[in-house]
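Secondary and tertiary structure notes
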Amino acid sequence: MNRHPQVVSSRLAAGVSGRPGAIRRLRLTDGSTVIERLDRTDHSLMTLTYEFLGDPPIPVTTSRTSVSLQPADGQTAITWQGSYGVAGSDDAEMVTRMSRETVWPATALALETALGHRPGSNLTPTPSTQEK
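Residues numbered from 1 in each chain as written. Predicted model: local features only at pLDDT ≥ 70, side-chain atom pairs only at ≥ 80, totals over all residues. Heavy atoms only, no water.

**Overview of the nonpolar core**
The test is simple: We call a set of buried Ala, Val, Leu, Ile, Met, Phe, Trp, Tyr and Cys residues a nonpolar core when their side-chain atoms join them within 4.5 Å. Each residue's exposure class comes from its accessible area (1.4 Å probe, protein chains only) as a fraction of the maximum for that residue type: buried when under 20%, exposed when over 50%, partly exposed otherwise. Here, residues are in contact when the closest pair of their heavy atoms is within 4.5 Å.
Core analysis: the largest hydrophobic core is formed by 5 residues, namely Val60, Tyr84, Val86, Ala92 and Val95. Not counting chain neighbours up to four residues away, the residues in contact with Val60 comprise Phe52, Tyr84, Gly85, Val86 and Val95.

**With respect to the confidence of the model for the protein**
Quick note on the threshold: pLDDT expresses how confident the predictor is about each individual residue, on a scale running from 0 to 100.
Summary statistics for the protein give a mean pLDDT of 81 and a share of 86% for residues scoring 70 or more. With pLDDT under 50 throughout, residues 124–132 is counted as low confidence; its partners more than four residues away or in other chains account for 23 contacts.

**A word on the side chain of Glu51**
Spelled out, the test is: Secondary structure elements are taken from DSSP: a helix is a run of H or I of four residues or more, a strand is a run of E of two residues or more, and numbering for both begins at the N terminus. By the criterion applied in these results, polar contacts are pairs of N or O atoms within 3.5 Å in which, for protein atoms, one can donate a hydrogen and the other can accept it, and in which residues neighboring in sequence qualify only through two side-chain atoms.
Position of Glu51 relative to the elements: it lies in strand β4 (residues 47–53). A distance of 2.6 Å separates the side chain of Glu51 from the side chain of Arg37, its partner in a polar contact. Look past the residues within four positions of Glu51 in its chain and what remains in contact with it is Ile35, Glu36, Arg37, Asp39, Ser63 and Arg64.

**Re the pairing of strand β3 (residues 33–42)**
Side-chain positions along a regular strand alternate between the two faces of the sheet. Stated precisely, the cut-off is as follows: The pairing criterion for strands is at least two bridges between them, as found by DSSP.
Of the strand pairs in this sheet, strand β2 (residues 23–28) and β3 are connected by 5 bridges, and their pairing is antiparallel. Following the sheet pairing, Arg27 is matched in β3 by Thr33. Counting the residues between successive antiparallel strands, the hairpin from β2 to β3 contains 4 residues, one of them, Gly31, with a positive phi of roughly 90 degrees. Looking at chain direction, β3 and β4 are connected through 7 bridges and run antiparallel. Across the sheet, Glu36 pairs through a bridge with Phe52, a residue of β4. Counting the residues between successive antiparallel strands, the hairpin from β3 to β4 contains 4 residues, one of them, Met46, with a positive phi of roughly 55 degrees.

**Some details on the side chain of Thr49**
Topologically, Thr49 is positioned in strand β4. Separated by 2.9 Å, the side chains of Thr49 and Ser66 make a polar contact. Not counting residues up to four positions away in its chain, the partners in contact with Thr49 are Arg37, Leu38, Asp39, Arg40, Arg64, Thr65 and Ser66.

**Structural notes on the pattern of salt bridges**
As a reminder, the rule being used: For salt bridges, the criterion is a side-chain nitrogen of Lys or Arg within 4 Å of an Asp or Glu carboxyl oxygen.
Following the criterion strictly, the structure yields 6 salt bridges and no others. Between Arg40 and Asp42 there is a salt bridge, with its nearest N and O atoms 3.8 Å apart. What makes Arg40 partly exposed here is its relative accessible area of 39%. What emerges from the salt-bridge pattern is a single network uniting Arg37, Asp39, Glu51 and Arg64.

Spelled out as structure tokens, the structure:
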């Protein structure tokens, strides 16, 4: 099951699923491909970190994202924090806008749906994306 509406398919390309070093290939609705490597998992802290490999279909030179879960008033808070590098200032503005307006909201909505929440119910995206 994919958690983002722009992801058509996801497959393990190398390594062991769920283990650091695993590489997955995502095919997007526009036909482009994103390759990600799982860099770190910490089950006790409920955290994982991954990064893009190769040339993603957005103008970033580096991208590293961490996802963590924390208990929050009988529910679960999800923190999805990313940092990225870009070649030019126009690219930085575009990537930041795309992250805030498309990627994070679509991902939060997909998670709400997958978890059986009604849209807008406590899963409000608060992006913490920063250029490096």
